[in-house]
Amino acid sequence: MPSFNPLSIIMKDHKLDGTNYVNWKRNLDIVLTSEEYKFVLTEVCLELPEEGATDEQSSAHKKWKKADEMARCYMLASMSDVLQTQHQNMTSAYDIIYSLKEMFGDQGRVARQTAMKTLLNTQMKEEPNVSGHTLKMMSLLNELEVLGADIDGESQIDIVLQSLHDSYENFRLNYNMNKRLYTLPELLNELKGAKKLQPKQAKVNLNEKGSSTIPKGKKKRFQETRRPNKEESYVLLGDATKLRLETGYALETAA
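Residues numbered from 1 in each chain as written. Predicted model: local features only at pLDDT ≥ 70, side-chain atom pairs only at ≥ 80, totals over all residues. Heavy atoms only, no water.

Glancing now at unusual backbone geometry. In the Ramachandran plot, Glu36 falls in the positive-phi region, its phi being about 65 degrees despite a non-glycine side chain. Here Glu36 lies in the loop between α2 (21-35) and α3 (55-77). Unusually for a residue other than glycine, Lys179 sits at a positive phi of about 50 degrees. Among the structural elements, Lys179 can be located in the loop between α8 (169-177) and α9 (184-197). (Helix = DSSP H or I, 4+ residues; strand = E, 2+ residues; numbered from the N terminus.)

What follows is the structure, given as structure tokens:
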């Protein structure tokens with residue numbers, strides 16, 4: 001007789017009562033995934049093998065029935081008494097989850113829209129934090145999957161790449177030009193490697209180079225062109241040097 005997964009304690013402590021469907025569904029996915037039963041939530045029951053069916057067909061049907069039976073037990077055991085009574089006569093986990101979506105699907109829809117908005121508005125602001133940023137994006141994508149969003153793998157990679165800091169523009173170009181294909185964990189490792197190859201920005205000590213402070217005793221040199229008055233025979237430069245006027249204009253140059 002199959003034993004229940006220790007993770008099922010999550011379901012026991014967070015029973016579905018009608019107001020917590022999103023969290024309940026997330027916990028259900030965790031438990032069923034660990035037991036490899038989750039596929040029965042999206043696949044209808046396999047037809048009963050006819051006489052003369054192959055061993056492979058019979059085995060596949062037996063596997064589906066076992067997974068469905070266990071999934072139904074986890075689901076019914078983690079519902080309030082009222083919901084349990086409503087669903088206990090349904091013949092498959094697929095039918096139960098369909099019914100629950102009809103009843104509480106609006107909660108998931110709102111949560112999905114919120115998660116999608118957060119995902120698309122998340123941008124990497126600090127160049128050194130590529131690992132943390134990528135993990136955050138992966139978490140948001142996983143949350144959307146749990147909430148029922150269907151985003152294919154390539155689109156997930158595109159979303160993460162477009163959220164990166166501008167310093168990873170070459171990485172994006174290389175990905176597109178070479179038609180690379182990554183899973184999210186592979187992308188994370190590639191970005192970590194790309195980070196190590198990023199050139200370090202030179203730090204300038206303003207006290208040593210590029211200082212805008214003018215040392216004592218030094219006057220700022222400048223150039224200036226102006227039209228002198230008719231009465232003027234000379235003009236005074238910035239360093240107190242007198243320049244005699246020989247033409248109608250005076251060009252003051254730095255001493």
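Next up on the list: the layout of surface pockets. Approximately 530 Å³ is the volume found for the largest pocket. In terms of lining, the largest pocket is formed by 20 residues, of which the most central are Lys25, Lys101, Val146, Leu147 and Gly148. Broken down by secondary-structure element, the contributors of at least two residues to the lining of the largest pocket are α2, α5 (93-121) and α6 (130-146). Considering each element in turn, the lining of the largest pocket owes the most residues, eight residues, to α5. Within the lining of the largest pocket, the residues separate by chemical class into nine nonpolar, four polar and seven charged. (1 Å grid on protein atoms, 1.4 Å probe; cavity = no way out; pocket = protein on both sides within 12 Å on 5 of 7 lines; lining within 4 Å. Points joined across faces, edges and corners; volume = space filled by probe spheres on them. Nonpolar A, V, L, I, M, F, W, Y, C, P; charged D, E, K, R; others polar.)

On to a negative patch on the surface. The grouping of Glu145, Asp150, Asp152, Glu154 and Asp158 at the surface amounts to a negative patch. Mapped onto the secondary structure, Glu154 falls in helix α7 (residues 153-162). (Patch = residues over 30% accessible without salt bridge, like charges linked within 9 Å, V, L, I, M, F, W, Y side chains within 5 Å. Areas by Shrake-Rupley, 256 points an atom, 1.4 Å probe, with all protein chains shown as cover. Salt bridge = Lys/Arg side-chain N within 4 Å of Asp/Glu carboxyl O. Lys, Arg positive; Asp, Glu negative; His and termini not counted. Charge placed at Lys NZ, Arg CZ, Asp CG, Glu CD.)

In the predicted model, the protein chain carries a mean pLDDT of 78, and 73% of its residues have values of at least 70. Per-element averaging of pLDDT across the protein chain places strand β4 (residues 250-252) at the bottom with 44 and helix α4 (residues 81-87) at the top with 94. Between residues 201-214, whose pLDDT stays under 50, and residues either more than four places distant or in other chains, the model counts three contacts. For the stretch residues 247-255, pLDDT sits under 50, and the model shows 24 contacts to residues farther than four places along the chain or on other chains. (pLDDT = per-residue confidence, 0-100. Contact = heavy atoms within 4.5 Å.)

The next subject is the nonpolar core. Core analysis: the largest hydrophobic core is formed by 26 residues, its most contacted members being Ile157, Leu161, Leu164, Tyr168, Phe171, Leu187 and Leu191. Contributing elements (two or more residues each) for this core: α5, α6, α7, α8 and α9. Sorting elements by how many residues they give to this core places α6 first, with six residues. Setting aside anything within four residues of it in sequence, one finds Ile157 in contact with Tyr175, Tyr182, Thr183, Leu184 and Leu187. In terms of nonpolar packing, the next biggest core, distinct from the first, is built from 24 residues, Leu32, Ala67, Ala93 and Phe104 among them. (Core = buried A, V, L, I, M, F, W, Y, C linked by side-chain atoms within 4.5 Å. Buried < 20%, exposed > 50% of the residue type's maximum accessible area, 1.4 Å probe, protein only.)

Bringing the pattern of salt bridges into the picture now. On inspection of all chains with the given rule, the structure shows three salt bridges. The salt bridge involving Asp106 is made with Arg109; its shortest N-O contact spans 2.3 Å. Within this pair, Asp106 and its partner Arg109 are both found in helix α5, separated by three residues, close to a single helical turn. Overall, the relative accessible area of 38% leaves Arg109 in the partly exposed class.

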